[in-house]
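# Fold and contact review
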Amino acid sequence: MVRISAPIGSRQVNAVHAFRDDALGELDAVGIVAALQARQVSVPEVVEAAITRTEAVNPILNGLAFETFDRARARAGESHAERFFGGVPSFLKDCEAVAGMPTMAGSDAWEPQPASADGEFARAYLAMGMVPLGLTRMSEFGFNAATEHPRLGAVRTPWNPEHTAGGSSSGSGAFVAAGVVPIAQGNDAGGSIRIPASCNGLVGLKPSRGRLPMDKQMRRLPIGPIENGVLTRSVRDTAAFYREAERLHHNRKLPAIGDVSAPGRARLRIAVCTQPGVGTCSSGISELALKTAAVLEELGHRVEQVDQPLVPASFADDYLLFCSYCAYFVMAQVRVSRYVGGPAVDSDKLDNFTRGLAQLGGRNLHRMPRVIDRLKRLRRRSAGFFNDYDAVLTPTLNRETPRVGYFDPTADCQRVIDRLTDWVVFLPQYNITGEPSISLPLAESGAGMPVGMMLAADIGQEARLLELAYELEEAQPWRQIQSA
């Protein structure tokens, strides 16, 4: 483990990372693939390096939910030659069903029970050749935008462990940023890939609805806001993941992504918006978004500032009620678990935020039909917007990454809700409309912390977003933690 604690100009860098001179070095996933193919390193070597790195930084970052190191070592000895990511060490999130691993969904309210089989997404993910080292921590049931469990502790960003790693894909974001692995799985129902991407200086793409396989229990919601994806340190890793995923699972209702490996040639019509539907964007974050817009303009794109919010004022309340309905549904499942052959749940161990959100849902069940109807109609509005623009740029988050404790799930539920609503206001609309959006670490705060900028496009236009991401990565390379 390497610590960096030094002032740089007006910034105080307090980073923790695991980069070192081993088989992983500073390579991204595509770089590891190339090194393996050239026989510069072996699969056992890169897997062992990732295990060592995990053990080095996890005591501080606290991103590990469950480890399968011995199983990973055994798998490293198998043949991986036929799969593109064959031998690349990785993690999945603690809500995925992976055979032999207990899925706890960020809670400790029941006894761990290993899954009997891989879920639909895990099968596809592992079919690409990834070697799983275990599961990463998340907020309880993914409802909070930071993981600060009262007994399991907080997951911290390696850029400054006094601050949150975001959520709910917290451990995946922290480990990829710290150099433990080059790529890790996350999923996103309201920003849970893009939030940790912003907090940890990573690339995080939430794909179009239906782009990737989804486990059955996550397809039961009336709108279907959840999408799987990955967190990476480079655009090419994200692009390679979607290329390989598409070879295994191509939703023919969506345009193919294909092999995106460079910036696009077309000059696009790009809107920039710093006006959230609720509250106001902090002046510092708004200024950083406008600087990113200026870079796009310098690259030849036609950029236009949009002064009106992208969603109606009612959206924040509707989305909150939808989330509370989901919490109520989860709690209902928890109550009947022991009676249908599931684990016995100690409801006293569920955090205050989960219970408070579920209670809000229970009190407002009668409003759900109209709420869901209004949310479904949001796609009509956004489709009209994307008739006029090829993409839209916003900040990923409304404010800088807060310190651990800001989203304390044991605090008053309404206080946490108010803070969450303010922080993530730009994100959830794309989960409701099903449109893709990507967070890129294009800016940094005055304290030296990464700040994500988000690009969104119409349904099925992931290739366009990846081309823009390549272009911005070349024009404005982001800082890596090991050189902070």
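Residues numbered from 1 in each chain as written. Predicted model: local features only at pLDDT ≥ 70, side-chain atom pairs only at ≥ 80, totals over all residues. Heavy atoms only, no water.

### Regarding the sheet that holds strand S10 (residues 227–232)
For clarity, the cut-off: One requirement defines pairing of two strands: DSSP has to find at least two bridges between them. Helix and strand labels come from DSSP, where a helix needs a run of H or I of at least four residues and a strand needs a run of E of at least two; each type is numbered from the N terminus. Throughout, an axis means a line fitted to C-alpha atoms (over the contacting stretch in the case of helices), and angles, computed between N-to-C directions, take values from 0 to 180 degrees. When checking whether two residues touch, look at their non-hydrogen atoms; a contact exists if any pair is within 4.5 Å.
Spatially, S3-S5-S4-S8-S10-S9-S14-S15-S13-S11-S12 is the arrangement adopted by the 11 strands of the open sheet, whose pairing is mixed. The open sheet has two edge strands with one neighbour each: strand S3 (64–67) and strand S12 (302–305). Sheet twist, expressed as the average angle between the axes of neighbouring strands with direction ignored, equals 30°. Inspection of the sheet shows strand S9 (residues 203–206) paired to strand S14 (residues 437–444) by three bridges, in the antiparallel sense. The residue of S14 that forms the bridge with Gly204 is Ser439. Relative to the sheet, helix H2 (residues 43–61) contacts S3, strand S4 (89–93) and strand S5 (131–136), its axis offset from that of S5 by approximately 20°.

### Description of the side chain of Ser170
Note the threshold: The buried label applies to any residue whose accessible area, calculated with a 1.4 Å probe on protein chains only, is under 20% of its type's maximum; exposed applies above 50%, and partly exposed to all values in between. Any pair of N or O atoms that falls within 3.5 Å is considered a polar contact. Within protein, one atom must be able to donate a hydrogen and the other to accept it, and sequence-neighbouring residues count only if both atoms are side-chain atoms.
Structurally, Ser170 is set in helix H5 (residues 170–177). When its relative accessible area of 0% is taken as the criterion, Ser170 is described as buried. Within the structure, the side chain of Ser170 is placed 2.6 Å from the backbone oxygen of Gly166, a separation counted as a polar contact. When near neighbours in sequence (up to four residues on either side) are disregarded, Ser170 contacts Arg137, Met138, Ser139, Thr147, Val155 and Ala165.

### Digging into the side chain of Asn200
Structurally, the position occupied by Asn200 is in helix H6 (residues 194–200). Of note is the side chain of Asn200, whose polar atom sits 2.9 Å from the side chain of Thr157. A distance of 2.8 Å separates the side chain of Asn200 from the backbone oxygen of Pro196, its partner in a polar contact. Ignoring any residue separated from it by four or fewer positions in sequence, one finds Asn200 in contact with Thr157, Pro158, Trp159, Ala165, Gly173, Ala174, Ala177 and Pro450.

### Remarks on helix H7 (residues 235–248)
Since there are 3.6 residues in each turn of an α-helix, residues three or four apart along the chain are aligned in direction. Under the convention used in this document: To estimate how far a helix should extend, the number of its residues minus one is multiplied by 1.5 Å.
For H7, spanning 14 residues, the distance from its first C-alpha to its last is 20 Å, which sits close to the expected 20 Å at 1.5 Å a residue. Burial analysis of H7 places 11 of its 14 residues in the buried class, which makes it a mostly covered element. When H7 is considered as a whole, its buried residues turn out to be Val235, Asp237, Thr238, Ala239, Ala240, Phe241, Tyr242, Arg243, Glu244, Ala245 and Glu246.

### A look at the packing of helix H1 (residues 29–37) against H7
Note the cut-off: Comment on the angle field: the value is read as roughly parallel under 35 degrees, roughly antiparallel over 145, roughly perpendicular from 65 to 115, and oblique elsewhere. Throughout, the ten residues Ala, Val, Leu, Ile, Met, Phe, Trp, Tyr, Cys and Pro are labelled nonpolar, Asp, Glu, Lys and Arg are labelled charged, and all others, Gly among them, are labelled polar.
Axis separation between H1 and H7 bottoms out at 7 Å; the angle between their running directions is 75°. In this view, H1 runs roughly perpendicular relative to H7, as classed from their interaxial angle. Together, Ala29, Val30 and Gly31 of H1 and Arg236, Asp237 and Ala240 of H7 make up the contact between the two elements. Looking at the contact of H1 with H7, its residues break down into three nonpolar, one polar and two charged.

### Quick word on unusual backbone geometry
Where the residue is not glycine, phi is negative for most of them; where a peptide bond is considered, it is trans in most cases. Omega for the peptide link from Gly167 to Ser168 comes to 5°, which places this bond in the cis form. Structurally, Ser168 can be placed in the loop between strand S7 (153–154) and H5. One non-glycine residue with positive phi stands out, namely Asn62, at about 65°. Among the structural elements, Asn62 can be located in the loop between H2 and S3.

### What to know about the pattern of salt bridges
Put simply, the rule is: Any Lys or Arg side-chain nitrogen found within 4 Å of a carboxyl oxygen on Asp or Glu counts as a salt bridge.
The tally for this structure, following the rule as stated, stands at 22 salt bridges. Arg403 serves as the salt-bridge partner of Glu162, at 2.4 Å between the closest nitrogen and oxygen. On the criterion of sequence distance, the pair formed by Glu162 in the loop between S7 and H5 and Arg403 in the loop between strand S13 (391–395) and helix H12 (413–423) is long-range, its members being 241 residues apart. We classify Glu162 as partly exposed; its relative accessible area is 38%. Measuring nitrogen to oxygen at the nearest pair gives 2.9 Å for the salt bridge that ties Arg379 to Asp458. With Arg379 in helix H11 (residues 368–388) and Asp458 in the loop between strand S15 (450–456) and helix H14 (462–475), this pair connects stretches of sequence that are 79 residues apart.

From the geometry alone we can't say anything about function, so treat these as descriptive.
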